[in-house]
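Examination of the molecular architecture
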Amino acid sequence: MTRLNLGNINPHVVEAKYAVRGELAVKSEEYRARLKKGDKSLPFDEVISANIGNPQQLDQKPITYFRQVLSLLENPKLLEHKDILLNSLDYKTDVIERAQWLLDHAGSVGAYSASAGVPVIKESVAKFLERRDGFAADPSHIYLSAGASSGVNTLLHIICASPSTGILVPIPQYPLYTASLSVLNSTCVPYYLDELAQWGTSLATIKESYNKAKGDGIDVRAIVIINPGNPTGASLSEEDVRHVLEFAAQERLVVLADEVYQTNVFIGKFHSFRQVLLTLQKEHPGKYDNVELASLHSISKGMVGECGHRGGYFELIGFKPEVEEQIYKFVSITLCAPVIGQCLVELMVNPPKPGEPSYELYDKEYNAIFNNLKTRAYALYEAFKEMEGVECGEPQGSMYLFPTIRVPPKAVEAAKKEDRTPDEFYCMRLLEATGVCVVPGSGFGQVEGTLHLRTTFLAPGTEWVGNIKKFHKEFMTTYS
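So, here is what we can say about the structure in this document. (Residues numbered from 1 in each chain as written. Predicted model: local features only at pLDDT ≥ 70, side-chain atom pairs only at ≥ 80, totals over all residues. Heavy atoms only, no water.)

**Comments concerning the nonpolar core**
If you look at the biggest cluster of nonpolar residues, it comprises 118 residues, and the most contacted ones within it are Leu-73, Ile-167, Tyr-313, Tyr-426, Trp-464 and Phe-475. No other element matches helix H14 (residues 359-385), which puts 9 residues into this core. Sequence-distant contacts of Ile-167, that is, excluding residues within four places in its chain, are made with Leu-156, Ile-159, Cys-160, Leu-181, Thr-187, Cys-188, Val-189, Ala-222 and Val-224. In terms of nonpolar packing, the next biggest core, distinct from the first, is built from 34 residues, Leu-236, Ala-257, Leu-293 and Phe-444 among them. (Core = buried A, V, L, I, M, F, W, Y, C linked by side-chain atoms within 4.5 Å. Buried < 20%, exposed > 50% of the residue type's maximum accessible area, 1.4 Å probe, protein only. Helix = DSSP H or I, 4+ residues; strand = E, 2+ residues; numbered from the N terminus. Contact = heavy atoms within 4.5 Å.)

**Brief notes about the environment of Val-254**
Within the element layout of this structure, Val-254 appears in strand E6 (residues 254-258). Taking the relative accessible area as the measure of exposure, Val-254 reaches 8% and is therefore buried. Considered as a pair, Val-254 and Ile-223 are 31 residues apart in the sequence and their alpha carbons are 6.3 Å apart. Setting aside residues up to four positions removed in sequence, Val-254 forms contacts with Ile-159, Arg-221, Ala-222, Ile-223, Glu-292 and Phe-319.

**Some points on the sheet that holds strand E4 (residues 187-192)**
On the basis of which strands lie adjacent, the open sheet formed by 7 strands has the order E2-E8-E7-E6-E5-E3-E4 and mixed pairing. One side of each edge strand has no neighbouring strand; the edge strands of this open sheet are strand E2 (142-145) and E4. Taking each pair of neighbouring strands and ignoring which way they run, the sheet shows an average axis angle of 20°. In this structure, strand E3 (residues 165-171) lies alongside strand E5 (residues 219-226), joined through 4 bridges in parallel fashion. Paired with Leu-168 across the two strands is Ile-223, which belongs to E5. (Pairing = 2+ DSSP bridges. Axes fitted to C-alpha atoms, helices over the stretch in contact; angles between N-to-C directions.)

**Some thoughts on the pairing of E6**
In terms of burial, E6 is largely enclosed, as 5 of its 5 residues are buried. Burial of E6 is two-sided: the residues Val-254, Leu-256 and Asp-258 facing one way and the residues Val-255 and Ala-257 facing the other way are all buried. When E5 meets E6, the two strands line up parallel, connected through 5 bridges. Bridge pairing in E6 places Ile-223 opposite Val-255. As for the winding sense of the linkage, the β-α-β connection from E5 through helix H10 (residues 238-251) to E6 is right-handed. Pairing of E6 with strand E7 (residues 293-298) involves 4 bridges; the strand directions are parallel. Paired with Leu-256 across the strands is Ala-294, a residue of E7. Handedness of the β-α-β unit built from E6, helix H11 (residues 273-283) and E7 comes out right-handed. (Right-handed = clockwise from strand over helix to strand, strands pointing away.)

**As for the packing of helix H7 (residues 147-159) against helix H8 (residues 176-183)**
It is the contact of H7 with H8, at a shortest axis distance of 11 Å, that shows an interaxial angle of 40°. One way to sum up the angle between H7 and H8 is to call them oblique. Like other packed secondary-structure pairs, H7 and H8 cross with a definite hand, here right-handed. Where H7 approaches H8, its residues Ser-149, Val-152 and Leu-156 are matched on the opposing element by Leu-176, Tyr-177, Ser-180 and Leu-181. Its residues placed into classes, the contact of H7 with H8 shows 5 nonpolar, 2 polar and no charged. (Parallel < 35°, antiparallel > 145°, perpendicular 65-115°, else oblique. Left-handed = near helix turned anticlockwise from the far one by under 90°. Nonpolar A, V, L, I, M, F, W, Y, C, P; charged D, E, K, R; others polar.)

**So, the pattern of salt bridges**
Taken as a whole, this structure holds 24 salt bridges when the rule is applied. Between Lys-77 and Glu-80 there is a salt bridge, with its nearest N and O atoms 3.7 Å apart. Residue classification places Glu-80 among the exposed residues on the basis of a relative accessible area of 56%. The closest approach of N and O atoms between Glu-346 and Arg-98, which form a salt bridge, is 3.0 Å. Placement of Glu-346 in helix H13 (residues 339-349) and of Arg-98 in helix H5 (residues 93-106) is noted, with a sequence separation of 248 residues between them. Because the salt bridges share partners, they merge into one network encompassing Glu-23, Lys-27, Glu-418, Arg-420, Arg-429 and Glu-432. (Salt bridge = Lys/Arg side-chain N within 4 Å of Asp/Glu carboxyl O.)

**Concerning the sheet that holds strand E13 (residues 439-440)**
Within the open sheet, the 3 strands sit side by side as E10-E14-E13. Their pairing is antiparallel. Every interior strand has two partners, whereas the edge strands, strand E10 (400-401) and E13, have only one. The pairing of E10 with strand E14 (residues 453-456) spans 2 bridges and is antiparallel. Bridged to Leu-401 within E14 is Thr-455.

And the structure:
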């Protein structure tokens, strides 16, 4: 008999839920494997993984400049043949120069770096933050990470001290936060976004959730903001950001600003928490000086879409040195973020500039990716508008739509018989009929009595969108 079983392993891991890679995703991969083996019994000939923001799995092409630099970092011997690179393989001189600069300062991408990241890459991130926000950044407070998720994991491990530690989390939310809090045996304090206000953040709702948790004996220490939102795509106005920071200053809350979709904005404008906080500190000396802000970014989203390379960073403002020492110790336990991912962070924050040899192609590819995403988002939005019982707000940003769905009572009863929520039941039937994998809204949290689903709009083409419309019509007819 084996030593481990479901009853004696860490119960907090067992309790954690991560819907974007849950049952539906597992089943979709089973279907994909069957199709690759030539199985003709399924009612579809491809699986569309619309359950997760994984751009290059869904045909988003890598940016040429980034991959050319990486190829030289992975195989520096190519630099001994610059004539072939320039004349036969269409590499530009700035590609060779950037690769050589990174090799000179970062060394081999096969070696460990400093625990918090390669120093010159941290300096590049600091310069990017200064250009973006108009305020200087200190590289010593920047930590390179294996994607933003790794940074979130680090910060929550530092903040969460006991089961009574509470973290304010937006609902609906990316389930990384609730899953991580479950594993850490700490308390998620949900605050609901306002669907009728395009998934806006309501300060009154935040205060209500905070006060209720505090009254229940929860030590609420931090607030998570996902801006632009996942799964909603909403971008906070500058006024909303100011209100959150004012509340954080008043109640001594750490602010965790998840800003990985900052370039995926269709409606409105991205306002970084860092820029607004530093502006408030300048406008109101002393009032906001003790606000602790951690801002996170990643190479996985935006027009970069390099999820598999696992790169990102977080920057800290206002944390005590003794706390930062513990953060450094924690990241040191895992040695360092992947160095090739760190190099991609450098390329993301310091891309080709106008007048440089690679700029024209970089700019063309970047804008094509953005425009294609927007076109696909609106095509899916228009399809949802035509579907009975479905309501969907206009695409605002990120990589997702989060429509409301209403299903007939017979579908609700059928779901109960399978011990599923109605939205889980709907999404499972959709996968089985079309090969399109989406995520039920219950995996992100939703107001009681409402149903949603989250889908990416990353997949190319329109046939899969048509398949969703056809399925929905048949589903509604079957259960009416």
